[in-house]
Amino acid sequence: MNYKTLALRRDGRILYVDFDNGPLNLMTIDMVGELFDLAGKLVFDRETSVVVLGSANPEFFLAHFDLEDLFRAMNDPDVPQSKYDDINVVQALTTMWEALPQVTIGLLDGICRGGGLEFLLATHMRFATPESRLCLPEASGGFLPTGGGTTRLALQIGPARAREVILSGRDFSGEEAAAYGMVNRALPADEICAYVDDLAQRVAARSAGSVGAVNDVFTKVYNSAVDAQFAGFGAESNAMRTLLGIPAVQEHLRQLAGLQDVEHELDLPATIAALGGPTAARQDTARQDQDTRSGS
Amino acid sequence: MNYKTLALRRDGRILYVDFDNGPLNLMTIDMVGELFDLAGKLVFDRETSVVVLGSANPEFFLAHFDLEDLFRAMNDPDVPQSKYDDINVVQALTTMWEALPQVTIGLLDGICRGGGLEFLLATHMRFATPESRLCLPEASGGFLPTGGGTTRLALQIGPARAREVILSGRDFSGEEAAAYGMVNRALPADEICAYVDDLAQRVAARSAGSVGAVNDVFTKVYNSAVDAQFAGFGAESNAMRTLLGIPAVQEHLRQLAGLQDVEHELDLPATIAALGGPTAARQDTARQDQDTRSGS
Amino acid sequence: MNYKTLALRRDGRILYVDFDNGPLNLMTIDMVGELFDLAGKLVFDRETSVVVLGSANPEFFLAHFDLEDLFRAMNDPDVPQSKYDDINVVQALTTMWEALPQVTIGLLDGICRGGGLEFLLATHMRFATPESRLCLPEASGGFLPTGGGTTRLALQIGPARAREVILSGRDFSGEEAAAYGMVNRALPADEICAYVDDLAQRVAARSAGSVGAVNDVFTKVYNSAVDAQFAGFGAESNAMRTLLGIPAVQEHLRQLAGLQDVEHELDLPATIAALGGPTAARQDTARQDQDTRSGS
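Because the structure is a prediction, the values reported are computed rather than measured.

Draft legend 1. Structural detail: the overall build of chain A. When its secondary structure is counted, chain A shows twelve helices and ten strands. Out of the 296 residues in chain A, the part that is buried amounts to 61%. Taking contacts inside chain A between residues at least 6 apart in sequence as the whole, the part at least 24 apart equals 74%. Summing over all exposed atoms, chain A offers an accessible surface of approximately 10,800 Å²; the carbon and sulfur share of this is 52%.

And the structure:
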């Protein structure tokens, strides 16, 4: 398993996967492909019982989905959109990771935004340093998180707090994320690795039968939420197609794509606010609004 | 939009609505009518994207539903009970506000009890100062929150904490409310307005298409909970009709109605305890109990 | 009501039930029988409106299900497994307690593990001192909590935190349990009794009609989760039958049964880790794994 965007390291039954994709750790189409490939291998991997997902980049856990690749995916008919009718590629990726027989643990110490946070929300457990910054900036660009993030956040932390996170578009600290239930807990930077290592080793010591039985009970308990989840995914995908079709939204994203560098990404919410794109987008949207609503 | 019980103020796409109904800010039938009227206008108002609900009264955000008006509504066949068969008027009001296309934000700095808290629980997001006092006193009067509050609290914070809040009948601080998930978070009195203003402005900057899409996903995700919500509403309404028909409960409420002044309302739980009504009510209820249960 | 494993004390309409079963407060078959008996009497007891569940043992609230009795129940065809096809005896017990007309309150100041914690999770409200230790050690022994605990924890605190608690198998403090939502809140040892007494007295002052109506609304609201709960119970039971049939798991439990004393139980997770059983169990499970999965 040799990947361009993922650094792998094994410790017994634990596989450490570090995102390692340039100065921003952008979630590119290449990374998505490699994450699909790795998941496919893990399904049949009886030697690995725990996967710890971290970052090789001290600042960016995952910046967000690469906007250049977003345009490419939107326009290239050869890029597969999804394995299913109503699910887009990031929804399918996160659902596949969520369904792995291994236990996945996210270890966040840095910046995690957009599609990166949508991926983190699909890990089985997740931990963050208090200084980490978690953000779903999509709504401030005229669209919405469509990699399962709108749906999963609503299910995980309830509609009141999920609306605040998604509609504010601001950075939330790891401390805030723990209080809202987006991560299991916040842990100081000099403790988080030891805590996660200890947890990973404990989980790795469990028998496959025991972990599989817990998974099976959880699946049965949440079976009734599966319809809700896929209905949410469908609504995300439909909205994305409509909203990304709005010229002002596309123009805003194209401007933002030109600013995909460390300087502008460190405080992405401020960069977006400075662009002033959403306001322009809004006026355009106002006209198209009725179509959107009547279609939903 | 000129109202007797609501003070309105506009800032761009943000509408600030302050409850302003006498020294107690009682939720009267007049206020309910005006809140229906305002909601009806907001449904078609494309200029307003955020509604911030606060109070013009420094002590009382909303004291509770006016007991005099409760008697009037119970006895006057001309007061409409509900728009639907199984839903009472406050359940219908809160459901209508919950379904508005605007994003609603509650800003609580003071006392919020009974029907007032039931209204607050139906806002899309809500924030409170640590010193705020939130209380559902109904059970200590021999009945239960029937404006959707029993149902919404169970769905929002889970049955264990909801039972504690409803059955204790005591004041919970804003700090406790945040820990239990009744509000998004607690914020110091000198920070809460700035926080909510900043959030409101961020949300107001979102395009209608983006906010509408998030609403649509949330609706799809929670569609399966709608049946649960309306089943809960029906059980609230049925129980209210039965319990308010008990002479000892009526007598207790009549005594309490005579104490609807600032002095007795500041520590309402103590006022209710001093009346000793529930004990009397219990003995009466004991006899009627079997009928209630067999009917449920 | 004279019991061997439960100490009862009455204060008006409040019944205090203290677990009192030897130096470890093990949940034995005798205790399960007495808890069934007590619940059966409470169903028809109109004088009791609140039940506070505590411990007569300063260290152990409830250690866990007695392993000797577990073997006895597994091998003795005369021990009734369950009242229902798909539910085992502890699931039936906790479900019966959950459905009582009284309000039940758990007061935890000490160690509560395994089946004891599964019982605590079925109380209507629960409180713990910060120093209390809550643990589900089953997965570290090659099986899983099967008294409703895997299912209830997933429903109560969400899958991410429930997985951490169940798969780590470590002790969680009362403070951590409150942050994760396993208990209503943590309260200092010198305050918890006063807090619970005050709450119990408030609840005892409520009319039966009022409490019954709240119960009825909650039941209607969570009706849609009942299928999920029983599906989870069924999966727990099936997995237990399979996993407890594995020789290495049985051998591990037999070793552990020989260590059921205060010295080894105080830090049970360490005792289990020292045994090294799960690793052996895992290898055995690996071979049986396919059968388990294909059967689920």
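The structure having been displayed, the exposition proceeds.
Draft legend 2. Spotlight on the interface of chain B and chain A. Counting residues at the interface gives 35 residues for chain B, matched by 40 residues for chain A. For the chain B and chain A pair, buried surface summed over both sides reaches about 3,100 Å², with 59% attributable to carbon and sulfur atoms. Summed over the three residues of chain B that lose the most area to chain A, namely Arg206(B), Phe218(B) and Val221(B), the buried surface amounts to 19% of that side. Taken together, the connections running from chain B to chain A amount to one salt bridge.

Draft legend 3. Structural context of the pairing of strand β2 (residues 14-19) of chain A. All names here are of chain A. Counting buried positions along β2 gives five out of six residues, so the element sits mostly inside the fold. Relative to β2, strand β1 (residues 6-11) is paired through six bridges, and the arrangement is antiparallel. When the sheet's bridge partners are listed, Arg10 is paired in β2 with Leu15. What sits between the antiparallel neighbours β1 and β2 is a turn of two residues, in which Gly12 has the positive phi angle 65 degrees. Both β2 and strand β3 (residues 50-55) contribute to a ladder of six bridges, which runs parallel. Bridge assignment links Asp18 to a residue of β3, and that residue is Gly54. At this point the chain moves from β2, through helix α1 (residues 29-43), to the parallel β3, and the crossover so formed is right-handed.

Draft legend 4. The arrangement of the packing of aromatic side chains in detail. Counted under the stated rule, the structure contains 18 aromatic pairs over all chains. Pairing Phe19(A) with Phe61(A) gives two aromatic rings, centres 5.3 Å apart and planes at 75 degrees, and the pair type is edge-to-face. With Phe19(A) in strand β2 and Phe61(A) in strand β4 (residues 60-62), this pair connects stretches of sequence that are 42 residues apart. Here Phe19(A) matches Phe61(A) in class, with each residue buried. Note on Trp97(C) and Phe119(C): the rings are 5.5 Å apart at their centroids and 70 degrees apart in plane angle, and the pair reads as edge-to-face. Of this pair, Trp97(C) sits in helix α3 (residues 89-98) while Phe119(C) sits in helix α4 (residues 115-120), placing them 22 residues apart in sequence. For Trp97(C), a relative accessible area of 2% gives the class buried. An aromatic cluster is present here, built from Phe19(A), Phe61(A), Trp97(A) and Phe119(A) joined pairwise through their rings. For the cation-ring pair, Arg9(A) lies above Tyr16(A), with the distance from its terminal atom to the ring centre recorded as 4.2 Å.

Draft legend 5. Summary view of the side chain of Arg170(B). Position of Arg170(B) among the secondary structure elements: in the loop between α5 (149-168) and β9 (172-173). Residue classification places Arg170(B) among the buried residues on the basis of a relative accessible area of 14%. Within the structure, Arg170(B) has its side chain in polar contact with the side chain of Tyr195(C) (distance 2.7 Å). Ignoring sequence-local partners within four residues, the contact set of Arg170(B) consists of Leu134(B), Cys135(B), Glu164(B), Glu176(B), Pro269(B), Arg185(C), Tyr195(C) and Arg202(C).

Draft legend 6. Seen up close, the relation of the copies chain B and chain A. Superposition of chain B onto chain A requires a rotation of 120 degrees combined with a translation of 0.0 Å along the rotation axis, giving an RMSD of 0.0 Å. What we have between these two chains is a three-fold relation.

Draft legend 7. Region of the structure containing the interface of chain A and chain C. Tallying the contact residues gives 35 residues for chain A and 40 residues for chain C. Summed over both sides, the interface of chain A with chain C buries roughly 3,200 Å², with 59% coming from carbon and sulfur. Looking only at chain A, the three residues that lose the most surface to chain C are Arg206(A), Phe218(A) and Val221(A), adding up to 19% of its buried area. At the boundary of chain A and chain C, one finds one salt bridge. Measuring nitrogen to oxygen at the nearest pair gives 2.9 Å for the salt bridge that ties Glu176(C) to Arg185(A).

Draft legend 8. Seen up close, helix α11 (residues 268-275) of chain A. All names here are of chain A. Of all the residues in α11, the buried ones are Leu268, Pro269, Thr271 and Ile272. Down the axis of α11, the buried set is contained in an arc of 160 degrees. They therefore lie on one face. For α11, the exposed residues set more than 90 degrees away from the buried face come down to Ala273 and Ala274. Positioned one or two residues after α11, Gly276 has a phi angle of 65 degrees, which is positive.

Draft legend 9. Here's a closer look at the sheet that holds strand β2 (residues 14-19) of chain B. Strand order in the open sheet formed by six strands is β1-β2-β3-β5-β7-β10 (chain B), with mixed pairing between adjacent strands. A strand with exactly one partner marks an edge of an open sheet, and here the two such strands are β1 (6-11) and β10 (185-186) of chain B. Each of β5 (103-108), β7 (125-128) and β10 of chain B is contacted by helix α5 (residues 149-168) of chain A, which is oriented at about 95 degrees to β7(B), the strand it contacts most.

Draft legend 10. Inspection of unusual backbone geometry at higher detail. Not every positive phi belongs to a glycine, and Asn25(B) is a case in point at roughly 50 degrees. By secondary structure assignment, the location of Asn25(B) is in the loop between β2 and α1 (29-43).

Draft legend 11. Up close: the sheet that holds strand β9 (residues 172-173) of chain A. The strand order β4-β6-β8-β9 (chain A) describes an open sheet built from four strands, whose pairing is mixed. The open sheet is flanked by β4 and β9 of chain A, the only strands paired with a single partner.

Draft legend 12. The state of the cysteines, seen in detail. All names here are of chain A. With the rule as written, the count across this model stands at zero disulfides over all chains. In this model Cys135 remains outside any disulfide bridge; the closest cysteine sulfur is found in Cys112, 9.8 Å from its own. By relative accessible area, Cys135 is classed as buried at 0%.

Draft legend 13. Structural detail: the confidence of the model for chain A. Residues and elements named next belong to chain A. Within chain A, residue pLDDT values average 89, and 90% of them lie at 70 or more. Between residues 280-296, whose pLDDT stays under 50, and residues either more than four places distant or in other chains, the model counts 27 contacts. For this predicted complex, the interface confidence score (ipTM) comes to 0.90, while the overall pTM stands at 0.91.

Draft legend 14. The arrangement of the packing of α1(B) against helix α3 (residues 89-98) of chain B in detail. Residues and elements named next belong to chain B. Between α1 and α3, the least distance of the axes is 10 Å, while the angle of their chain directions is 30 degrees. Taken together, the axis directions place α1 and α3 in an arrangement best described as roughly parallel. Along this stretch, α1 crosses α3, giving a crossing that reads as left-handed. Here α1 contributes Val32, Leu35, Phe36, Leu38, Ala39, Gly40 and Leu42 to the contact with α3, which in turn contributes Val89, Ala92, Leu93, Met96 and Trp97. Split into classes, the residues belonging to the contact of α1 with α3 amount to eleven nonpolar, one polar and no charged.

Draft legend 15. Highlighting the packing of α3(B) against helix α8 (residues 208-244) of chain B. Residues and elements named next belong to chain B. The contact between α3 and α8 brings their axes to 11 Å, and the two run at 155 degrees. The pairing of α3 with α8 is recorded here as roughly antiparallel in orientation. On α8, the residues touching Gln91, Thr95 and Glu98 of α3 are Gln229, Phe230, Phe233, Glu236 and Ser237. Of the residues assigned to the contact of α3 with α8, the class counts are two nonpolar, four polar and two charged.

Draft legend 16. Spatial organisation of the environment of Ala200(A). Residues and elements named next belong to chain A. Mapping Ala200 onto the fold places it in helix α7 (residues 192-204). In this structure Ala200 comes out as buried when scored by relative accessible area, which is 0%. Here the alpha-carbon distance between Ala200 and Val103, two residues 97 residues apart in the chain, equals 8.7 Å. What Ala200 contacts, discounting residues up to four positions off in sequence, is Ile14, Val50, Val52 and Ile105.

Draft legend 17. The pattern of salt bridges, seen in detail. Across all of its chains, the model carries 36 salt bridges over all chains by this definition. In this structure, Arg10(C) and Asp45(C) form a salt bridge, with 3.8 Å as the shortest nitrogen-oxygen distance. Note that Arg10(C) is positioned in strand β1 (residues 6-11) and Asp45(C) in the loop between α1 (29-43) and β3 (50-55), a separation of 35 residues in sequence. A residue is classified by how much of its surface remains accessible, and Arg10(C), at 42% relative accessible area, is partly exposed. Classification of Asp45(C) by relative accessible area gives buried; the value is 15%. For Arg72(C), the salt bridge identified is with Asp69(C), shortest N-O distance 3.3 Å. Here Arg72(C) and its partner Asp69(C) are both found in helix α2 (residues 67-75), three residues apart, which amounts to about one turn of the helix. Accessibility expressed as a relative area gives 43% for Arg72(C), which makes it partly exposed. Classification of Asp69(C) by relative accessible area gives buried; the value is 7%. Three or more residues joined by partner-sharing salt bridges are found here, namely Glu164(A), Arg170(A), Glu176(A) and Arg185(B).

Rules behind the numbers
Residues numbered from 1 in each chain as written. Chains lettered and ligands numbered in written order. Predicted model: local features only at pLDDT ≥ 70, side-chain atom pairs only at ≥ 80, totals over all residues. Heavy atoms only, no water. Helix = DSSP H or I, 4+ residues; strand = E, 2+ residues; numbered from the N terminus. Buried < 20%, exposed > 50% of the residue type's maximum accessible area, 1.4 Å probe, protein only. Contact = heavy atoms within 4.5 Å. Areas by Shrake-Rupley, 256 points an atom, 1.4 Å probe, with all protein chains shown as cover. Buried area = accessible area lost by both parts, 1.4 Å probe. Salt bridge = Lys/Arg side-chain N within 4 Å of Asp/Glu carboxyl O. Pairing = 2+ DSSP bridges. Right-handed = clockwise from strand over helix to strand, strands pointing away. Phe/Tyr/Trp six-rings, centres within 6.5 Å; stacked < 30°, edge-to-face > 60°. Lys NZ or Arg CZ within 6 Å of the ring centre and 35° of its normal. Polar contact = N/O pair within 3.5 Å; in protein donor to acceptor, adjacent residues only side chain to side chain. Least-squares fit on C-alpha atoms with pLDDT ≥ 70 in both. Arc of directions from axis to C-beta. Axes fitted to C-alpha atoms, helices over the stretch in contact; angles between N-to-C directions. Disulfide = S-S within 2.5 Å. pLDDT = per-residue confidence, 0-100. Parallel < 35°, antiparallel > 145°, perpendicular 65-115°, else oblique. Left-handed = near helix turned anticlockwise from the far one by under 90°. Nonpolar A, V, L, I, M, F, W, Y, C, P; charged D, E, K, R; others polar.

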